Amino acid sequence: MGKGTNFSGQPVLSQLIKLMDRQKINTLASKSGANYYTKHLDGYSHLVVMLYAVLSNLRSLRETCLGFAANATRMNHLGIDHMICRSTLSDANKRRKSSFFGSIYRMLYKRYAPVLSDSMSKREVSTKLYVMDSTTISLFSQILRGVGRNPNNGKKKGGIKAHTIIEESIDLPVFVDYTEGIVHDHEAMERLFALPYGSFIAFDMGYTDYMLWKRLDEAGYKFVCRLKDNAKFKIIEQRKCPEKDIIADQIIEFTYDKYVERPMTDEELKHRRGRRPNSGVVTVKERVQGTYRCRRIVRRTDDGKDTIQFVTNVLDPEEMSAEQVCEMYRRRWSIESLFYDKFIVMRSDSKCISDYQDVTFLLLVSALHNNLVAITPFHLNVRTNGYRKAFF
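Let's talk about the overall build of the protein
When helices and strands are tallied, the protein shows twelve helices and nine strands. On the protein, roughly 21,900 Å² of surface is accessible, and the fraction owed to carbon and sulfur atoms is 48%.

Let's talk about the confidence of the model for the protein
Low pLDDT means the predicted coordinates in that region are not meant to be read closely. For the protein, the mean per-residue pLDDT works out to 76, and 72% of the residues sit at or above 70. Across residues 347–354, where pLDDT falls below 50, the model places 22 contacts with residues more than four positions away in sequence or in other chains. The model gives residues 380–392 a pLDDT under 50, and that stretch makes 32 contacts with residues more than four places away or in other chains.

Section: the packing of helix H4 (residues 61–70) against helix H5 (residues 86–95)
As a packed pair, H4 and H5 sit with axes 9 Å apart at the nearest point and diverge in direction by 130°. On the basis of the axis angle, H4 is oblique to H5. In the packing of H4 onto H5, the handedness of the crossing is right-handed. Seen from H4, the contacting residues are Leu61, Arg62, Thr64 and Cys65; seen from H5, they are Arg86, Leu89, Ser90 and Asn93. Along the lines of polarity and charge, the residues of the contact of H4 with H5 split into three nonpolar, three polar and two charged.

Here we look at the pairing of strand S4 (residues 200–203)
Residues Phe200 and Ala202 of S4 are buried on one face, and the alternating residues Ile201 and Phe203, pointing to the opposite face, are buried as well. For S4 and strand S5 (residues 222–226), the ladder comprises four bridges, and the chain directions are parallel. Across the sheet, residue Ile201 finds its bridge partner in S5, namely Phe223. Between the parallel elements S4 and S5, the chain passes through helix H7 (residues 210–218) in a crossover that is right-handed.

Some thoughts on the packing of aromatic side chains
With the rule as written, the count across this model stands at eleven aromatic pairs. Considering the side-chain rings of Tyr210 and Phe254, the 4.1 Å spacing of their centres and the 10° angle between planes classify their relative orientation as stacked. In this pair, Tyr210 is assigned in helix H7 and Phe254 in strand S7 (residues 246–263), connecting sequence segments 44 residues apart. Both residues of the pair, Tyr210 and Phe254, belong to the buried class. Linked through ring pairs, Phe203, Tyr207, Tyr210, Trp213, Phe223, Phe233 and Phe254 together constitute an aromatic cluster.

Quick notes on the pairing of strand S8 (residues 283–300)
Two faces make up the sheet, and in a regular strand the side chains alternate between them. Pairing of S7 with S8 involves 17 bridges; the strand directions are antiparallel. When the sheet's bridge partners are listed, Ile252 is paired in S8 with Cys294. Summarising the sheet, S8 and strand S9 (residues 307–312) pair through six bridges and their orientation is antiparallel. If you follow Arg300 over to S9, its bridge partner there is Thr307. Taking the residues between adjacent antiparallel strands as the criterion, S8 and S9 are bridged by six residues, where Gly304 takes a positive phi near 75°.

A word on H7
Buried residues of H7: Tyr210, Met211, Leu212, Trp213 and Leu216, and no others. Contact partners of the buried residues in H7: S4, S5, S7, S8 and S9. Phi for Gly220, located one or two positions after H7, is positive at around 100°.

Let's talk about the pattern of salt bridges
Two side chains of opposite charge can pair, provided their charged atoms sit close to one another. By the definition in use, this model includes 15 salt bridges. Across the pair Arg215 and Glu190 runs a salt bridge, and its minimum N-O distance is 2.8 Å. Pair noted here: Arg215 is in helix H7 and Glu190 is in the loop between strand S3 (172–180) and S4, with a separation of 25 residues, a long-range link. A salt bridge links Arg300 to Asp245, with the nearest nitrogen and oxygen atoms 3.8 Å apart. Of this pair, Arg300 sits in strand S8 while Asp245 sits in the loop between strand S6 (234–239) and S7, and the two are 55 residues apart along the sequence. By relative accessible area, Arg300 is classed as partly exposed at 32%. Through salt bridges with shared partners, a single network forms among Asp245, Arg299, Arg300, Asp302, Glu323, Glu327 and Arg330.

Comments concerning empty space enclosed by the protein
Evaluated as defined, the whole model comprises two cavities of 30 Å³ or more. Reported here for the second largest cavity is a volume of approximately 40 Å³. Together, Leu19, Met20, Asp21, Lys24, Met107, Leu108 and Arg111 line the second largest cavity. Looking at which element gives the most residues to the lining of the second largest cavity, the answer is helix H6 (residues 99–120), with three residues. When its residues are assigned to classes, the lining of the second largest cavity shows four nonpolar, no polar and three charged.

Thoughts on the nonpolar core
One finds Ile17 and Ile80 to be the most contacted residues of the largest nonpolar core, which totals 33 residues. Going through the elements one at a time, helix H1 (12–17), helix H2 (22–32), helix H3 (43–55), H4, H5 and H6 are the ones with two or more residues in this core. In terms of residue count, the dominant contributor to this core is H3 (nine residues). With near-sequence residues (within four places) excluded, Ile17 lies in contact with Tyr44, Val48, Leu51, His77 and Leu78.

Basis of the calculations
Residues numbered from 1 in each chain as written. Predicted model: local features only at pLDDT ≥ 70, side-chain atom pairs only at ≥ 80, totals over all residues. Heavy atoms only, no water. Helix = DSSP H or I, 4+ residues; strand = E, 2+ residues; numbered from the N terminus. Areas by Shrake-Rupley, 256 points an atom, 1.4 Å probe, with all protein chains shown as cover. pLDDT = per-residue confidence, 0-100. Contact = heavy atoms within 4.5 Å. Axes fitted to C-alpha atoms, helices over the stretch in contact; angles between N-to-C directions. Parallel < 35°, antiparallel > 145°, perpendicular 65-115°, else oblique. Left-handed = near helix turned anticlockwise from the far one by under 90°. Nonpolar A, V, L, I, M, F, W, Y, C, P; charged D, E, K, R; others polar. Buried < 20%, exposed > 50% of the residue type's maximum accessible area, 1.4 Å probe, protein only. Pairing = 2+ DSSP bridges. Right-handed = clockwise from strand over helix to strand, strands pointing away. Phe/Tyr/Trp six-rings, centres within 6.5 Å; stacked < 30°, edge-to-face > 60°. Salt bridge = Lys/Arg side-chain N within 4 Å of Asp/Glu carboxyl O. 1 Å grid on protein atoms, 1.4 Å probe; cavity = no way out; pocket = protein on both sides within 12 Å on 5 of 7 lines; lining within 4 Å. Points joined across faces, edges and corners; volume = space filled by probe spheres on them. Core = buried A, V, L, I, M, F, W, Y, C linked by side-chain atoms within 4.5 Å.

Structure (structure tokens):
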């Protein structure tokens, strides 16, 4: 171990919460109204308690409160000056909105993302890549609609789907949204337009939407995606393939015909009959037809037994060769390791939860924990293995 004196003698939980600004968290809680009806346990203290529960892998409020009671003489490290009652913690979990913890996550990400990016930028490809994917977390009860067919016993478990966008060089979510498991992946694709202009995005074939691909292209974004085997298209141009494993490099054209929902114009509202809804927004479905041209690349798999089809809007091979496009999609698999490593605790702990608010609480606090753990080694410039094992 090194001879550094940073946080010497302080436990892991104390080191993690030192990375957060308590004054900014309290200000955020006051502005968002997170302390209404829960003044005895303010937002910062609630966050510390929940982080302790995630770090200790506790599965109930009783275990959490007993853990604090057993370490009552060591609570000065945490900035909490009173014991936490189980009823107080239960009321706070019920009344405080989970969006408060989401705001803290975004604040931490905005503050520490440049440090993580500079410390982990060791890929050969210098293009900043964003990866979008989703994972479904099974729940014990049907509080959220799940996916798939009903089992033979007639009992179908619910599921919550985490729609996630990560910056590949950081391996931390830029955006996370939780919906019912039955919600399709492409419903969250509108979030892509909030990324920086000119970003390169990788996603799988579950996000196939030709009209939205065209909007991404017109907005200045680059993307790569797997092409479905049953996709219908027209070949416009056939190019030479100098790379060894590239079988085809083509310019193709898709045709789309779909109905989209849009708000009615003032002129249309004048001729509309019936009462206006309470929301004040009247929508109408409109048929949209069009074509979209992109680039199709067919590559042989590494074992040479099969082929994979990719589609991208980088049409110029001088800007990005076919092999580079395939490499960009290969880097998409970093989000799969994120789902396995970061969400594995969430999967095990969320199966016994029977309330949507509790599920989102657990997921967002776990995401905050992962953010802090990723920040700590680079903030202190030491190895993670050098930390103490005790949480208090």
